[in-house]
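One letter stands for each residue in the lines below.
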Amino acid sequence: MSTKARILEVAAALVAQSPDGDVSTRAVCEAAGVGAPALYRHFGDKEGLLTAVVDHGFDQYLTAKRQRTPGTDPVRDLRDGWDTHTDFALRNPNLYRLMNSPAMRTPPAAALESHRILTEDLRRAAEQGKLRLAPELAAQMIMSANVGVCLMLVSRPATFDDRTLSRRVRDAVHTAVFVPEVMADTAPGTGTPGTGTPGTGTPGTGTPGTGTPGTGTAGESTAGTGEAPVPATATRLGALLRQTPSAAFTPAESALLGEWLDRLSNTTPKQP
């Protein structure tokens, strides 16, 4: 093992064992059996060392995601991705806090890769007509909520002691980004997606004016909810056009159409 790798491994272990998640360069040097000049030569300073520890942590987190073969159901992949994220945070509380610390001024490349994987899964959902927002905005909502709930679980465990909290927040956020039929086809309390097929045009069966959600599929307004299908339709069309650009448009026209569709996708619903 190289000197740099040994220093990094020792620093990561000390972060994990530390009561407050902090380590000193002196402690790292003593545990690694190296002098301070060796640490500074490889990492520059303490911030550089901790940045390397964060990169190492993200690489650990992304190992399973990189090896994963996307399934046919992107909603299932997204639910599993949320749960995997939470599990990693609970198993590595000090490292997770460091990974999301404001002190890390430059986001690691692996953090951007994690966000890209999430966005790609959401684009697949959009192509299947399951998303009601543009994938980019949906990714921001999901990532911020997932990181937020995980930070509360690992930073304030005495207050946030309900381990079902992550699943409840996950389902609440997914309700905001997926079309109603996706969540209606999820068995209550189990997190198991049902077999409903968005986009078939089957009318809903909800009772108008009662507020009872219908069971119509994506592409039709849902009786009883008063929700127009325009944002979800625009999201799906935008995803399909990006996947297979139309020869009927010039690049400038395609870019303009994409901008218009994103605006429709991200339209905030009117409050009743």
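None of these values were measured; they are calculated from a predicted model.

Would you mind going over the overall build of the protein chain in detail, with residue names and values included?
In terms of helices and strands, the protein chain carries 12 helices and two strands. Ordered by position from N to C terminus, the α and β elements of the protein chain give α-α-α-α-α-α-α-α-α-α-β-β-α-α. Sequence separation of at least 24 residues holds for 65% of the intrachain contacts in the protein chain that already meet a minimum separation of 6. Accessible area for the protein chain stands at about 14,600 Å²; split by element, carbon and sulfur atoms hold 57% of it.

Talk me through the side chain of Ser114; I want residue IDs and the actual numbers.
Take Ser114: it is sitting in helix H7 (residues 109–127). Of the residues examined, Ser114 reaches a relative accessible area of 6% and is grouped as buried.

Can you lay out the environment of Ala176 for me, pointing to particular residues and giving the numbers?
Note on placement: Ala176 falls in helix H9 (residues 165–177). Distance in space between the C-alpha atoms of Ala176 and Arg132 is 8.0 Å, their sequence separation being 44 residues. If we ignore the near neighbours within four places in the chain, the residues touching Ala176 are Arg132, Leu133 and Met141.

Which residues make up the nonpolar core, and what values go with them?
Core analysis: the largest hydrophobic core is formed by 56 residues, its most contacted members being Ile7, Leu122 and Phe178. Ranked by the residues each element gives to this core, the list is headed by helix H8 (residues 135–155), at nine residues.

An account of helix H4 (residues 46–67) is needed here, citing residue identities and associated values.
Look at H4: 32 Å from first C-alpha to last across 22 residues, which is about the 32 Å you get at 1.5 Å a residue. Of all the bends in H4, the greatest, near 35°, is centred on Tyr61. Within H4, the full set of buried residues consists of Leu49, Leu50, Ala52, Val53, Val54, Gly57, Phe58, Tyr61, Leu62 and Lys65. Those residues of H4 that are buried lie in contact with helix H1 (3–17), helix H2 (25–32), helix H3 (36–43), helix H5 (74–91), helix H6 (93–99) and H7. The N-terminus of H4 is capped by Asp45, whose side-chain oxygen sits 3.3 Å from the backbone nitrogen of Glu47.

Residue-level account of the pattern of salt bridges, with values.
Summed over the entire model, instances satisfying the criterion amount to 13 salt bridges. A salt bridge links Asp73 to Lys130; the nearest nitrogen and oxygen atoms lie 3.3 Å apart. With Asp73 in the loop between H4 and H5 and Lys130 in the loop between H7 and H8, this residue pair connects regions lying 57 residues apart in the sequence. Arg124 is the salt-bridge partner of Asp77, the closest N and O atoms lying 2.7 Å from each other. In this pair, Asp77 sits in helix H5 while Arg124 sits in helix H7, placing the two residues 47 residues apart along the sequence. Accessibility classification places Asp77 together with Arg124 in one group, the buried group. Through salt bridges with shared partners, a single network forms among Arg79, Asp83, Arg170 and Asp171.

Before we move on, could you go through the side chain of Ser166 and cite the residues and values that matter?
Positionally, Ser166 belongs in helix H9. Leaving out residues up to four positions away in the same chain, Ser166 has contacts with Trp82, Thr86, Val149 and Leu153.

Just give me the short version of the packing of H5 against H7, but keep the residues and values in it.
Geometrically, a packed helix pair is captured by the angle between its two axes and the distance between the axes. It is at 8 Å that the axes of H5 and H7 come closest, and there the two elements cross at 150°. Here H7 runs roughly antiparallel to H5, going by the angle between their axes. In terms of crossing hand, the pair formed by H5 and H7 is left-handed. Listed contacts from H7 to Pro74, Asp77 and Leu78 of H5 are Leu118, Asp121, Leu122, Arg124 and Ala125.

Could you give an account of H7, with specific residues and numbers?
In this model H7 runs 27 Å from its N-terminal to its C-terminal C-alpha over 19 residues, within 8% of the 27 Å that 1.5 Å per residue would give. Turning to H7, its buried residues number three or more, namely Ala110, Ala111, Glu113, Ser114, Ile117, Leu118, Thr119, Asp121, Leu122, Arg124, Ala125 and Ala126.

An account of the confidence of the model for the protein chain is requested, with residue identities and associated values reported.
With 81% of its residues at a pLDDT of 70 or more, the protein chain shows a mean pLDDT of 80. No element of the protein chain has a lower mean pLDDT than strand E2 (residues 192–193), at 46, and none a higher one than H8, at 96. Across residues 187–227 the pLDDT falls below 50, and counting only partners more than four positions away or on other chains, this stretch makes 70 contacts in the model.

Here is what the cut-offs are and how they apply
Residues numbered from 1 in each chain as written. Predicted model: local features only at pLDDT ≥ 70, side-chain atom pairs only at ≥ 80, totals over all residues. Heavy atoms only, no water. Helix = DSSP H or I, 4+ residues; strand = E, 2+ residues; numbered from the N terminus. Contact = heavy atoms within 4.5 Å. Areas by Shrake-Rupley, 256 points an atom, 1.4 Å probe, with all protein chains shown as cover. Buried < 20%, exposed > 50% of the residue type's maximum accessible area, 1.4 Å probe, protein only. Core = buried A, V, L, I, M, F, W, Y, C linked by side-chain atoms within 4.5 Å. Expected span 1.5 Å × (residues − 1). Bend = angle between axes of the 7 residues up to and from the residue. Polar contact = N/O pair within 3.5 Å; in protein donor to acceptor, adjacent residues only side chain to side chain. Salt bridge = Lys/Arg side-chain N within 4 Å of Asp/Glu carboxyl O. Axes fitted to C-alpha atoms, helices over the stretch in contact; angles between N-to-C directions. Parallel < 35°, antiparallel > 145°, perpendicular 65-115°, else oblique. Left-handed = near helix turned anticlockwise from the far one by under 90°. pLDDT = per-residue confidence, 0-100.

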